[in-house]
Every structure is written in C-alpha cells, then in structure tokens.
Amino acid sequence: MNDPSELERFQLLAAGFVVGNLDAREAAEFQALLQTHPEWTKEVEGLQATVGQVVEGFTETDAPPRILTNILEQIKAPTSVARVQRLRWLQVAGAVAAAAAIALGIDNIRLRQNLGTLVAAHNRLDQENRQLQVVKGMFQNPDTRLFSFKGTKPGSTAFVTMIINPQQAKALLMVRNLPAPPPGQMYTLWAVIADRKFPCGVIRPYSWENASYEVPLSAEMYKDFYDPRLSRLIVTLEASAQAPSPTGSVILQSASI
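Residues numbered from 1 in each chain as written. Predicted model: local features only at pLDDT ≥ 70, side-chain atom pairs only at ≥ 80, totals over all residues. Heavy atoms only, no water.

Engineer: Hey, could you go over the sheet that holds strand β3 (residues 170-178) for me, with residue numbers and the actual values?
Structural biologist: Spatially, eight strands are ordered β5-β4-β7-β8-β1-β2-β3-β6 in an open sheet, and the strand pairing comes out antiparallel. Bordering the open sheet on either side are β5 (196-203) and β6 (209-214), each of which pairs with just one other strand. Geometrically, the sheet is characterised by an average inter-axis angle of 20° between neighbouring strands, direction not taken into account. When strand β4 (residues 186-193) meets β5, the two strands line up antiparallel, connected through six bridges. Its bridge partner being in β5, T188 is matched across the sheet by V202. (Pairing = 2+ DSSP bridges. Helix = DSSP H or I, 4+ residues; strand = E, 2+ residues; numbered from the N terminus. Axes fitted to C-alpha atoms, helices over the stretch in contact; angles between N-to-C directions.)

Engineer: If you had to explain the pattern of salt bridges to someone new, which residues and values would you point to?
Structural biologist: Under the definition given, this model contains three salt bridges. The closest approach of N and O atoms between R229 and D227, which form a salt bridge, is 3.2 Å. (Salt bridge = Lys/Arg side-chain N within 4 Å of Asp/Glu carboxyl O.)

Engineer: Residues and numbers for helix α2 (residues 24-36), please.
Structural biologist: Taking 1.5 Å of rise per residue, 13 residues should cover 18 Å, and α2 covers 18 Å from first to last C-alpha, within 8% of that figure. For α2, the complete set of buried residues consists of E26, F30, L33 and L34. Down the axis of α2, the buried set is contained in an arc of 100°. They therefore lie on one face. Relative to its buried face, α2 has exposed residues pointing more than 90 degrees away, namely A24, R25, Q35 and T36. Backbone nitrogen of R25 and a side-chain oxygen of the N-cap are separated by 3.2 Å at the start of α2; the cap is D23. (Expected span 1.5 Å × (residues − 1). Buried < 20%, exposed > 50% of the residue type's maximum accessible area, 1.4 Å probe, protein only. Arc of directions from axis to C-beta. Polar contact = N/O pair within 3.5 Å; in protein donor to acceptor, adjacent residues only side chain to side chain.)

This is the structure:
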C-alpha cells in the first residue's frame, strides 16, 4: 500500500514540475519517486491535461484524483510545510489562470480577425456590385469598348479586362490572377499606336490577384483608346510611373485590334 504522506509529497512535486518550478534537489526527488511508483505517472498527466486543455480551448476536465481535496486541505494547514505547499498550489492556480488569459486573448484575436475578414468581404462584394451596375450602364452605350489582356509569361494565368466609354468618362479594370508587382516596381498600361507606345496610367487595384475597380483616365487617354491606328494594349513592369516609354518586360497584352 502506498504511503499517503509519500503520495502527497509526490503530488506536491508534480505540481511544481508542471509549472516548471522545481529546483535540482526537488527534481531529483520527483524522478526518484516516479521511478519507484511508475503508476503515479497518471497524476502528472492529469495535471498537464488540466493546464493543457485550458490553453487549447477551455475544455472542461476533471482534476486528477484527490487533487482538489489536497488543495483544500493544504490551504487550511497551519504548518510551514503547508505554507510551502499552499504556495506551490497557488503557483499551479496561477499557471492555469495565465493559460486561461492566454487562451482568452487568442480567442479575442481570432474573433477580431474573423470580423475583419467578414467586413472586408462585405466591402468587396458591395464594391463589385456597384461596379456591376456601372458595367451594365456602360454596355447600354454603343461607344463602349472592351479590351482583354492575357499574361505573356509561360504558365501565367493572369487576365485583365478593360471596359471604357469616353462619353461617360468611365473606365473599369477587372483583374484576375494578377500578383502584386515586386517592391519598387509597378504595372503600367500602354496604348500602341502606329508603333509608338503612349502611357495610360498605372494599374493599382485595391487588392491583388482578383479585383474590379474604376481607373481615372485623362481626355487624352480616352482619345488614344479610340484612335483608328491603335493596334493593341500592353502592360509592362516599370520602376517609375513617369517613364515616357516602356523599359520593363511585357507582362500582359491584348489581342491585335
């Protein structure tokens, strides 16, 4: 039969082990008791599970046998040894409370992140719905033109559609599978007219990969898109928005017009 005082001593050391608060002598004593009574491993596993489950998700769990009773008895004990034991159990309680606080913090962060994701998705859908109405209105006008661009690099799935109407002074870009440009570079749109290339602005969607947004075009740019000598449109990767002519590689281009 196990000595009750020996078991209580082991439980006390196990509590310190779980919260990482054993000195070298106590750690050696803990290991010796564990080797003598390997069945007491369940006591340690129970304590670890209690703390671990709090951290993982506040799953309700029963404390190991006799643990809660032992805590109450130690709190009431008047001796100096009991005060040390009480301090140790308070450390266990503190560890559990800290784990609970961490878990609550993680849950709050996740809630804020989920809320932010939902708000962003709502805003994106709202914007795309407004742009759909713009597109419907534009296609009711016979002067509306549509240009489609495809990626030029092997394996590229990038695709851009541009809808413009000078009378309504509207231009809409629909971007699909277009990654963000490298730092310090930008996508620039060019109109190729009679073998000359005219800048038509920088492509800057509100989000990369997939987006639809209106782009500001000057009256001169609208003229370029309706110039009878217009042969195609291209998108290049440039280091400056002020480049008078393309210097970077062609990332997207439209079909011949």
